[in-house]
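# A closer look at the structure
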Amino acid sequence: MSEKLMNLHLSGSSEVGGGQYNEVRMSGGSHVRGDMECNCLHASGSSHIFGQLNCHGAVHGSGATHLQGDVQASELHLSGSGHVSGHVHCQDLVVLSGSSQIEQSMECTRFSASGSSHIRGDLRGQTMRASGSCRVDGAVHMDKVELSGAATIQGGVECEEFKGSGSLDIGGLLNAGSVEINLTDGGKCTLHDIGGDRVHIAPEATLKWPGFFKRSGRLSASVIEATDIYLENTTAQVVRGARVKIGPNCRIDRVEYSEAFPADRKSTRLNSSHPTISYAVFCLK
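A few points on the structure.

Parameters and conventions
Residues numbered from 1 in each chain as written. Predicted model: local features only at pLDDT ≥ 70, side-chain atom pairs only at ≥ 80, totals over all residues. Heavy atoms only, no water. Helix = DSSP H or I, 4+ residues; strand = E, 2+ residues; numbered from the N terminus. Buried < 20%, exposed > 50% of the residue type's maximum accessible area, 1.4 Å probe, protein only. Contact = heavy atoms within 4.5 Å. Areas by Shrake-Rupley, 256 points an atom, 1.4 Å probe, with all protein chains shown as cover. Salt bridge = Lys/Arg side-chain N within 4 Å of Asp/Glu carboxyl O. Core = buried A, V, L, I, M, F, W, Y, C linked by side-chain atoms within 4.5 Å. Phe/Tyr/Trp six-rings, centres within 6.5 Å; stacked < 30°, edge-to-face > 60°. Lys NZ or Arg CZ within 6 Å of the ring centre and 35° of its normal.

With that out of the way, let us pick up the overall build of the protein. The number of helices and strands found in the protein is zero helices and 33 strands. By residue count, 44% of the 285 residues in the protein fall in the buried class. For the protein, contacts bridging at least 24 residues in sequence account for 13% of all contacts bridging at least 6. When the accessible surface of the protein is totalled, it reaches about 13,000 Å², and 47% of it is carbon and sulfur.

Shown next as structure tokens:
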């Protein structure tokens, strides 16, 4: 876009139409009605854009920022109460903090979220790091995913590397080359199916008093399938792999393995007379 475009600075209760601008600054209760194209955007206070936004640089919104259309930008930074009613496509980075909502799908290279974030469509990109309360109504397609806090993904997750801790709720298939889930104290993880090359699920050891470790987090899933599997504090219907190791406090209905299957005694009995794990073991060779 031409560098000779004028800058647009709005403050207080002001309103203009859309158009092409160089630098846009909005503060107070300012409104833009119509589609807008610019090189960079800074919005603070209560700012509204009623139209499509095409920003060749970075979009920074703080306070109550409302973007009532699709957003294309190099970067998108929303803090405070941020709301986008359309699709988001960013060439590089998206950072959401505070209370942020994206009503449609999002595509970016890097995604970072803290506080309370909600994406009502799919999320696609390369890296995802989310903490606090993060919810994705669609599916997640990333190279690397790191989740902590309370994360809910209604669809599936497809990535090369997955790391999770806290309370996780994934409604579809978690398909990753490497899956590592740390079960934090009091955390509850509910996943439908897990598939990958390596799956490692174990509680995070936290020192409560000297010499005492509390490990109360649990994970439940329908099917866990991978080449190498290590499980603790896990409830599953079927566990299938080449090398399967069942650690303590597991309840597994059926284990299928082809090479090795050591099991912890603490996973074979809840007490001396009530078994909580039954093995229907099949050799896959």
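To continue, consider the pattern of salt bridges. Counting across every chain of the model gives 13 salt bridges. Arg25 serves as the salt-bridge partner of Glu23, at 3.5 Å between the closest nitrogen and oxygen. Taken together, the shared-partner salt bridges in this structure form one network comprising Glu225, Arg240, Arg254 and Glu256.

Glancing now at the nonpolar core. Counting residues in hydrophobic clusters, the biggest one holds 69 residues, and the most contacted among them are Phe111, Met128 and Phe162. Element by element, the count of residues in this core is highest for strand E26 (residues 167-183), at seven residues. When residues no more than four places from it in sequence are discounted, the contact partners of Phe111 are Val94, Leu96, Met106, Ile119, Leu123, Thr127, Met128, Arg129 and Met142.

One pass over the structure, following the stated rule, counts one aromatic pair. A ring pair is formed by Tyr257 and Phe261, whose centres lie 5.4 Å apart and whose planes are at 35°; its orientation type is tilted. Given the relative accessible area of 24%, Tyr257 is considered partly exposed. Above the ring of Phe50, the side-chain terminus of Arg33 is found at 4.4 Å from the ring centroid.

Following the sequence through the fold, Ser62 ends up in the loop between strand E8 (58-61) and strand E9 (64-67). According to the relative accessible area criterion, Ser62 is partly exposed, its value standing at 29%.

Remember that the coordinates give geometry; whether it matters functionally is a separate question.
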